[in-house]
Each structure stands twice: as structure tokens, then as C-alpha cells.
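One-letter residues, chain by chain:
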Amino acid sequence: MAQTSPDLLTTLLKQVSRSFYLTLRVLPTVIRPQIGLAYLLARAADTLADTEAVPVEMRLKALQSLRERILGQTTLPLDFGQILRFPPNDLGRVAAADKDPDAPAPAIGAERILLERIEEGLFLLKQVSSADRKLIREVLQTITSGQILDLTRFGSATATHIVTLQSEEELDDYTYRVAGCVGEFWTRMCRAHIFPNAPLDDATLLANGIRFGKGLQLVNILRDLAVDLRQGRCYLPAEQWQRFGVAPAFVFERANDPAVRRLYDCYLAQAADHLRAGWAYTNALPHRCARVRLACAWPILIGVRTLEKLRRGNALDPQHRIKIERSEVRKLLIRSVLYYPWPRAWNRLFLGASARRSGG
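Since the model is a prediction, treat every value here as computed from it, not as a measurement. (Residues numbered from 1 in each chain as written. Predicted model: local features only at pLDDT ≥ 70, side-chain atom pairs only at ≥ 80, totals over all residues. Heavy atoms only, no water.)

Focus: the side chain of lysine 323
Note the following rule: In DSSP terms, a helix is any run of H or I states spanning at least four residues, a strand is any run of E spanning at least two, and both are numbered starting from the N terminus. The cut-offs for exposure are 20% and 50% of the maximum accessible area for each residue type, with area from a 1.4 Å probe on protein chains only; residues under the lower value are buried, those over the upper are exposed, and the others partly exposed.
Topologically, lysine 323 is positioned in the loop between α14 (290-312) and α15 (326-339). With relative accessibility at 18%, the residue lysine 323 sits in the buried group.

Quick word on the pattern of salt bridges
Convention followed: Only one rule defines a salt bridge in this text: a Lys or Arg side-chain nitrogen within 4 Å of an Asp or Glu carboxyl oxygen.
Within the structure shown, the criterion is met by 19 salt bridges. Across the salt bridge formed by aspartate 202 and arginine 191, the nearest N and O atoms sit 2.8 Å from each other. Separated by 11 residues along the polypeptide, aspartate 202 in helix α10 (residues 202-223) and arginine 191 in helix α9 (residues 168-193) bring together distant segments of the chain. For arginine 191, a relative accessible area of 16% puts it in the buried group. Look at the salt bridges and you will find they share partners, linking Asp7, Arg117 and Glu120 into a network.

Details of the environment of proline 318
Put simply, the rule is: Any two residues whose heavy atoms approach within 4.5 Å are treated as being in contact.
Assignment of secondary structure puts proline 318 in the loop between α14 and α15. Residue class for proline 318 comes out partly exposed when judged on its relative accessible area of 22%. Setting aside chain neighbours within four positions, we find proline 318 in contact with Ala226, Val227, Arg230 and Phe252.

Details of the packing of α9 against α10
Axes are the key here: two packed helices are described by the angle between their axes and the distance separating the axes. Basically, it comes down to this: Lines are fitted to the C-alpha atoms to define the axes, a helix being fitted only along its stretch in contact, and any angle between axes, read from their N-to-C directions, falls within 0 to 180 degrees. An angle counts as roughly parallel when it lies under 35 degrees, as roughly antiparallel when it exceeds 145, as roughly perpendicular when it falls between 65 and 115, and as oblique in every other case. Throughout, a crossing is termed right-handed when the near helix is turned clockwise from the far one, and left-handed when it is turned anticlockwise from it by less than a right angle. Three categories are distinguished: nonpolar for Ala, Val, Leu, Ile, Met, Phe, Trp, Tyr, Cys and Pro, charged for Asp, Glu, Lys and Arg, and polar for the others, with Gly belonging to the last.
Interhelical geometry of α9 versus α10 gives an angle of 135° and a closest axis separation of 7 Å. In this view, α9 runs oblique relative to α10, as classed from their interaxial angle. Where α9 crosses over α10, the handedness of that crossing is right-handed. Among the residues forming the contact of α9 with α10, the class breakdown is 10 nonpolar, 7 polar and 6 charged.

Quick word on the packing of helix α13 (residues 257-284) against α14
Running from N to C, α13 and α14 cross one another at 160°; their axes reach a closest spacing of 10 Å. As summarised for this structure, α13 and α14 are arranged roughly antiparallel, according to the angle between their axes. Considering only the axes of α13 and α14, their crossing is left-handed.

Topic: the packing of aromatic side chains
For the record, the criterion: Ring geometry is summarised as follows: Phe, Tyr and Trp rings, the Trp one being its six-membered ring, pair when their centres sit within 6.5 Å, and such pairs are stacked at plane angles under 30 degrees, edge-to-face over 60 and tilted between the two. Placement of a charge over a ring requires the Lys NZ or Arg CZ to be within 6 Å of the ring centre, with the centre-to-atom vector within 35 degrees of the ring normal.
Scanning the model with the defined rule gives 7 aromatic pairs in all. When the centroid spacing of 5.2 Å and the interplanar angle of 65° are considered together, the rings of phenylalanine 154 and tyrosine 235 count as edge-to-face. Of this pair, phenylalanine 154 sits in the loop between α8 (130-153) and β1 (163-164) while tyrosine 235 sits in the loop between β2 (233-234) and α12 (238-243), and the two are 81 residues apart along the sequence. Accessibility assignment for this pair places phenylalanine 154 and tyrosine 235 in one class, buried. Each ring, one from tyrosine 340 and one from tryptophan 346, has its centre 5.1 Å from the other, and the planes form 85°; the classification is edge-to-face. In this structure, tyrosine 340 and tryptophan 346 share a single accessibility class: buried. Pairwise contacts between aromatic rings join Trp279, Tyr340, Trp346 and Phe350 into one cluster. Note that arginine 230 overlies the ring of phenylalanine 252, its terminal NZ or CZ placed 4.0 Å from the centroid.

Remarks on the nonpolar core
We count it as follows: For our purposes a nonpolar core is just a set of buried Ala, Val, Leu, Ile, Met, Phe, Trp, Tyr and Cys residues, chained together by side-chain atoms within 4.5 Å.
The biggest cluster of nonpolar side chains holds 111 residues, and the ones touching the most others in it are Ile35, Leu66, Phe80, Trp186, Leu222 and Leu307. In this structure, tryptophan 186 is in contact with Thr23, Leu27, Ile35, Tyr281, Val292, Ala295 and Cys296, ignoring residues within four places of it in sequence.

As C-alpha cells, this is what we get:
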């Protein structure tokens, strides 16, 4: 039987999650371990999928074996020995949603430790209630399906051979698999443990929760467009590139800047609409659930500020990654806590950022 240490869901989780840990630590203790464990297992899968020094076939096999263990389809011990033999600097590529260049310690070492201790995480999964385990397995089944699809789709991608999603439906499906489903999971977990009897419109809440997750992922896609293109991946659909008369391969040519900018602005608007649904989601939660509402508000406010910077800056420069400074994040967190008792001031946090984004 695997032995677990308390630091798995504290110190190690903090090291591999960083920005998400801000959200996690404010959550009520009744759901913090379950959501933390789901994130930890998703991060392990993400590390396997993103270890670019490892051949795609090996990554797919490792990811599938982890997926089967998470879903309880097998009890065979996991062996990531072949992957762990790669040099530490080649192991894992920190997901765009959580990169933090100002972090004091690199995540690569922590992600390596996470893979080495994966059996502890799987042991913890067995210890949660059957209802919570079902929810965790469902969201991880969806997330890993997205990771496997991503590996398969972009397995042959290179800087000189750009692989592009083909349609809006493919983009929507991808953002649901890797992020929208998390909003769904989050909602069901909170509904079960925090406000089971609150009179809420569950259908609307779930729909907005899914859009919330999709919006955050679309922000990541737009922020990392230049870097992804340099690696041969393009998540913005081919049908839209064709509509604006430009191709991803020529995105860095200045002659095409206006067309690319118009395309880019369309997706900035789409991401903003999703985050607006996320804000509606947050405000639909019972006001007494301050911790959950703050945990939802923080990534939305950071996302809106990021969109503002993407709109004003040069998001197509792969050497200069647009991000929100840590000092700015701290200000957002403090203001959200101070303004929480006053709904009008609280809503101005979002509405003010939206007005700046749109130039209003």
C-alpha cells in the first residue's frame, strides 16, 4: 500500500500549481482536498503530455496508463522510469495557465517529484468518498481525453509544419475538454458540499461554469499564440484564418499584421464574453459563500486584465510574454476582499476592467 505524506496536498501542490494555489487556499476546507487532488493528478497527466524531449508514442502510452489507473480500470503499478531518466530540464513543460516567470523555484523539479510520487496521489483518490471519487474521475477522464487528442493532433507539428485546428467546433471541444469541464466539476463539488439546498438555476449555473473554464483557456491560447506557432501548434481554427485572408505560417510578417489583428481581436472578444459569463456565475453563488466567490473572482479578474494587456500590447512577439505582474495580482486580491461586502463596489472590479479593455 502506498504511504502518503501530508506535504503532497500542501507543499508539493503549491510548487506545481503556483497561481492556482492562490485560488485553492481560499476554498473552504470541506472541498479543498478533493479539488487539490484532482488538480494534482491533472498536473501529473499534463507533465507526461508536455515532456517534449520524450517521443510522442512514449508519452501517449504513459498518459494512457495513468488514465486507466485514475479511472480504476487497472491496478498495475505505474512505471515512469523511462520518462524519469530524461534530464530534469527536459521533463515537463509548465502549462501556460500556470507559468510564472517570477516564481522563486522552477516547477520542473517539483513535477518530477510528482511523477515519482504518483502512487501516493492515486492512494488518496481511493480514500475520498465514492461520490467525490466519481466526480474526480469524470473530470480527469475528460481532461486526459483532451490531452491525448492534443498529443495525437500535434504529434507531427514543427516550426516549419504548423498543424491547425480546423473549425470553431474543434476549438470549442478542446476548450471544454481541458478547462470547461473543470467549471462543471467545480460546480458539482460545491453544490454537493457547500450549498446543497440553495435555490439556484442549476442549468444556467452549469452552463456559465463551463463558459468560465473555456474563457480562461482561451485567454491562455491567445497569450501563448506566438510561442505555440513557433512550435507548430495553432489552436485558432483554419476556417477563421481563411476568413481573414491570412495563414498561420505568415503571422510574423508585418504586411499581414492588420488581418491578424482583426482575427485576434475576434477571439479577445470571445474570451471576454466567456469571462462575463464566469462573472455572472460567480455572482449567482450564495453571497454567504464568500470563499468560493473569491476563488472564482480572482482568475476572472486576472483574465480580464490579461485580455486588456493583450489588446494593447504585441501578443505576437514570442520573446516577450505578456503577463500580469505579481504586484498587480496582489492588488486585485486585496481589493476583492475589501469590496466584497458592497455589491456595487465588488462589481466595479469587473466592470471597470471590462471598460478599460474595450476602451470605454
